[in-house]
Amino acid sequence: MVDSLLAALGTLDGLRLAEPGEFTRRAFENGRIDLTEAEGLADLIEAETESQRKAALALAEGGLRKQIEQWQERVLDLSARAERAIDYADEGGPESDPELSSDCAELESELKGWLARPRIEPLKDGVRVVVAGPPNAGKSSLLNAIAGQERAIVTDLPGTTRDHIEVPLSLRGVPIVLTDTAGLRHALDQVEAIGVARSAALIEAADVVVWLGEADAAPAHPRLIKVHSKADLPERAVGPKGSIAVSAVSGQGLTLLLARIAAQATSVLPAEDALALNRRQAGHIEEAAKSLAGAASVTDLVLVAEELRLARSALDRLTGGAGVEDVLDALFSRFCLGK
Amino acid sequence: MFDVLVIGAGHAGCEAAAAAARRGARVGLLTFRPEDAGQMSCNPSIGGVGKGHLVRELDVFDGLMARAADRSAIHRRMLNRSKGPAVWGPRVQADRKLYRTAVGQLLRENRVEIVIAEALSLVIRNGAVVGVETSEGALPCGAVVIATGTFLDARMFIGEQVIEGGRRGERASFALAEQVRQIGLGQGRLKTGTPPRLDARTVDWAGLEEQPSDLGDWAMSALDDGVRLPQLRCAITRTSARTHEIIRANFDRSPLFAGAIEGRGPRYCPSIEDKVKRFADRDGHQIFLEPEGLDDLLVYPNGISTSLPADVQQDFVRSIAGLERVDIVRPGYAVEYEFVDPRRLGGTLEVRDLRGLFLAGQINGTTGYEEAAAQGLAAGLNAAARALDLPEVRFDRRTSYIGVMIDDLTLQGVSEPYRMMTARAEYRLSLRADNATTRLGSAALAANCVSDRRRRQIESHFECRTSAGWADSEEGRADALYEPYVQRQQREWDAVQRDARVWIPTDLDYASIPGLSNEMVERLEAVRPETLDQAARVHGVTPAALSALYVAASRRAAA
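An account of the accompanying structure is given in this report. (Residues numbered from 1 in each chain as written. Chains lettered and ligands numbered in written order. Predicted model: local features only at pLDDT ≥ 70, side-chain atom pairs only at ≥ 80, totals over all residues.)

1. A look at the overall build of chain B
The secondary structure content of chain B amounts to 17 helices and 21 strands. For chain B, whose C-alpha radius of gyration is 24 Å, the value lies close to the compact-globule estimate of 24 Å for 559 residues. In terms of principal-axis extent, the alpha carbons of chain B reach across some 75 × 60 × 50 Å. The proportion of buried residues among the 559 residues of chain B is 55%. Across chain B, the fraction of contacts at a sequence separation of at least 24, relative to all contacts at a separation of at least 6, is 75%. (Helix = DSSP H or I, 4+ residues; strand = E, 2+ residues; numbered from the N terminus. Rg over C-alpha atoms; globule rule 2.2 N^0.38 Å. Buried ≥ 20, exposed ≤ 12 C-beta atoms within 10 Å, placed from the backbone. Contact = placed C-beta atoms within 7 Å.)

2. Regarding the sheet that holds strand E2 (residues 27-31) of chain B
All names here are of chain B. If you walk across this open sheet you meet the five strands as E6-E2-E1-E10-E21, and the pairing is parallel. Because the sheet does not close on itself, it has two edges, and the strands there are strand E6 (113-116) and strand E21 (357-359). Strand after strand, the sheet turns through a mean of 25° between neighbouring axes, direction not considered. Note that strand E1 (residues 4-7) and strand E10 (residues 143-146) share four bridges and pair parallel. Counted as the bridge partner of Leu 5 is Val 144 from E10. Sitting on the sheet, helix H10 (residues 369-388) is in contact with E1, E10 and E21, with an inclination near 160° to E10. (Pairing = 2+ DSSP bridges. Axes fitted to C-alpha atoms, helices over the stretch in contact; angles between N-to-C directions.)

3. Some thoughts on the sheet that holds strand E3 (residues 174-180) of chain A
Residue and element names in this part refer to chain A. The mixed open sheet is built from six strands, whose spatial order is E2-E3-E1-E4-E5-E6. The two strands at the open ends of the sheet, each matched to only one other strand, are strand E2 (165-171) and strand E6 (244-245). Of the strand pairs in this sheet, strand E1 (residues 127-132) and E3 are connected by five bridges, and their pairing is parallel. Considered in E3, the bridge of Val 127 is made with Ile 176.

4. So, the environment of A:Leu257
Residues and elements named next belong to chain A. Looking at where Leu 257 falls in the secondary structure, it is placed in helix H9 (residues 254-267). Here Leu 257 falls in the partly exposed class, since 19 other C-beta atoms lie within 10 Å of it. When the C-alpha atoms of Leu 257 and Gln 72 are compared, they prove to be 45 Å apart, with 185 residues separating the residues in sequence.

5. Here we look at the pairing of E10(B)
Remember that side chains alternate between the two faces of the sheet whenever the strand is regular. Residues and elements named next belong to chain B. With burial as the criterion, each face of E10 is covered, one bearing Ala 143 and Val 145 and the other bearing Val 144 and Ile 146. Sheet topology note: the E10/E21 ladder contains three bridges and is parallel. Across the sheet, the residue bridging to Val 144 is Leu 357, located in E21.

6. Examining the nonpolar core
Among the nonpolar cores identified, the biggest contains 194 residues, and A:Val129, B:Val4, B:Val6, B:Ala16, B:Ala17, B:Val144 and B:Val145 are the most heavily contacted of them. Among the elements that line this core, the one with the most residues is H10(B), at twelve residues. The contact partners of B:Val145, leaving out residues within four places of it in the chain, are B:Val4, B:Val6, B:Ile7, B:Ala16, B:Phe358, B:Ala360, B:Ala379, B:Gly380 and B:Ala383. Formed by 20 residues, the second largest nonpolar core is a distinct cluster that contains B:Val203, B:Ile246, B:Phe316 and B:Ile320. (Core = buried A, V, L, I, M, F, W, Y, C linked by C-beta atoms within 7 Å.)

7. Some remarks on the environment of B:Ser41
All names here are of chain B. You can see Ser 41 is positioned in the loop between E2 and strand E3 (45-47). A tally of 18 C-beta atoms within 10 Å means that Ser 41 is categorised as partly exposed. The spacing of Ser 41 and Ala 447 is 406 residues in sequence and 31 Å in space, taken between C-alpha atoms.

8. What to know about the packing of helix H4 (residues 63-87) of chain A against helix H5 (residues 100-115) of chain A
Residue and element names in this part refer to chain A. At a minimum axis separation of 11 Å, H4 and H5 run at an interaxial angle of 165°. If you check the angle between H4 and H5, you find them roughly antiparallel. Along this stretch, H4 crosses H5, giving a crossing that reads as left-handed. Of the residues in H5, those in contact with Arg 74, Leu 78, Arg 81 and Ala 82 of H4 are Leu 100, Asp 103, Cys 104 and Leu 107. When grouped by side-chain class, the residues that make up the contact of H4 with H5 number five nonpolar, no polar and three charged. (Parallel < 35°, antiparallel > 145°, perpendicular 65-115°, else oblique. Left-handed = near helix turned anticlockwise from the far one by under 90°. Nonpolar A, V, L, I, M, F, W, Y, C, P; charged D, E, K, R; others polar.)

9. Quick word on unusual backbone geometry
All names here are of chain B. Residue Asp 62 is not a glycine yet carries a positive backbone phi of 70°. Residue Asp 62 is classed as buried on the basis of its C-beta count, with 26 C-beta atoms lying within 10 Å. Phi is positive for Asn 80, which is not a glycine, with a value near 65°. Structurally, Asn 80 can be placed in the loop between strand E4 (73-79) and strand E5 (89-94).

10. A few points about helix H11 (residues 401-412) of chain B
Residue and element names in this part refer to chain B. If you check H11, its first and last C-alpha atoms are 16 Å apart, about what twelve residues at 1.5 Å a residue would give, namely 16 Å. Within H11, eleven of the twelve residues are buried, which leaves it mostly tucked inside the rest of the structure. Where the residues of H11 are buried, they touch helix H2 (51-60), H10, helix H15 (518-527) and helix H16 (532-536). Just past H11, the residue Gly 413 takes up positive phi, approximately 70°. (Expected span 1.5 Å × (residues − 1).)

Following this line, the structure appears as structure tokens:
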């Protein structure tokens, strides 16, 4: 929910995630470790499963920091090349740098590759599995059956103000949060309209969707599991192809469904020894990637340099880092300039 | 009695004196030799990328440099013309003598009084400067601008030869250097250099690539004084493998590598021996042959500044195409000089703990005429403010390169001579050479430091901006080109502004702030930032330290 809201807000001009400490100005550490490492430590404290602990450790050990430093170094280099052509046009610098824009594009696609990787949040907060479908499809029964079979870590009971139920579970060692949109069905018309919108937002933000309705009414989602529910009823004994026939009453198909959910959930988790980004980090990297794309597409070298400055400051916000002096250092250590 | 005394008649000193006079101060300009006022002691050019921006900004305040450059220009080039207008850099080569003459005239027009004397010491009473002790007696005054350039305890190096003095054939200021050190302003030594001067008659011009002057009719100043001189050509040549061999074979005779020079030189204006050493794989370095004047036989070979011995200079110069039979009129040399830590200065260039003392130019660790002149303007305007109780004039990073420079100097300090580059300005897209009047016109009028002619020019420029044809003007088109980017920067700026409103008390005891590490206390103590925004830009200051500082400052403000 928070994620989908943030995603929606993030697309609006002028809005972005607040920097950590932007409001409180209580900042991370005193220069001995940087922000990415501090986050790794915080995760370590919260870590509950083995794979969580490993991801947290990898982060804390500065693997990500090294990666970010390498990107910073490369953006600095690109900046230095642009600045060389601008400030030293007359003093041994080249009039232009023909490879600059393709080098910007190359780094952009590398950052994009990282953005496509599994994130740390599913590992930390659990993979969001949303059970959706029309009223009376058997969502709550299914949820109860799953929760009954697997160990529930915490159980949130539906309250009068809740419009959905969240059940955090450890499903074969994979942390998931099972969400039921059940509370929507008895709502009044006006509220129901809001409820439908919310449930659409939940589906959109879901990592895995378990769909209990008609197969052709299923929402579009990259990880969709179609369930033919109430398979214990004689007229529903056989489900359509591609759907798993499940009965919350008899337990039929439940093992297969759980295996499918676990498999899909695992695919959105970072591999045990891989570095993973969190939302804040991904936000900055996405910003940097956007600026690099801009740098690759404009022709005025001044604007290339401006986009690179933005890319630099986006990456710098990840670690708290470089300024103009670093660009100049890069400039003068690599090129012979000046009359 | 003088209101303002300016020590040194270089580019910083002349601008400072004239600026203070334009605000109504009675100004005395102290110099060893009056004929040297406005002397171009290094390359005979004014402007360039970043530097040209500074000159245009100076011009809005009725500074001398742009008009003197126009009156003496013998070669013009708009650098970076193939790139966006934000980084076009107007640059002229000036006839050395005509430039000096023009500066002399402008000083007289500004009613600056020349005082031929050596400044020996400052007269300080109750933590404020009240006069200058000179070789001709004591001169009381309300404020002093020190603009002694490289002359503070200066030494020149030509190979193994060491000469005391700030420039060829001229004296240095030793007495004043001693006092500056006593006041605790001395920071360290820096180094700069100059190439040998060549006899134009012995250059083989025919075989060299020519660089003609621009055809376009642009000028440095927005006020046209109507001077049009004949335009000369420059030529371009390169060092050869043989040149590098000669230089390499004589590394041990260079004071730079033998350890005689301790001061750090600018990385962006390296000596030829530096270039050969650091970039050994390069087979040649470009040299611009620039005539020094219309009736001057000297040529300035831009690109081969050196402190090698005179005989080595002769050898290596003759290994360069077109210079095979060249005669050196004066050998190049390196000069090492004392500078002060500009972090001791406030945004008006006044020494923080010595009221009435302003420093401008190379003494603050900068290099270049334009950088010096721009500081001279700021120091002069504010020295007049101090002496006559007028409002201060502060320059902002967002609206001027002058602001970028002063902010960089007073906050970051220098570790090598500071040169203006457009890369230093984060608001580069807004700070163009073509929109200086738009950016600074109102500030210049408010400072009450311009002539009637300038006032009319500024006012008519503002009128022009509201006219129908504005969108088609060069400046109007550039505005439109950068508009989306400038808007994005506006958001960045808003965050800065928020922090700039948090003033840090000048007497804040950093050591007493809870949660501030010793390292942070030291870094902040050295700079004493005026606002939270400035503190954020102090090198190495962490967000944690900033928040602690923010809390301390807010608590004080609330108390």
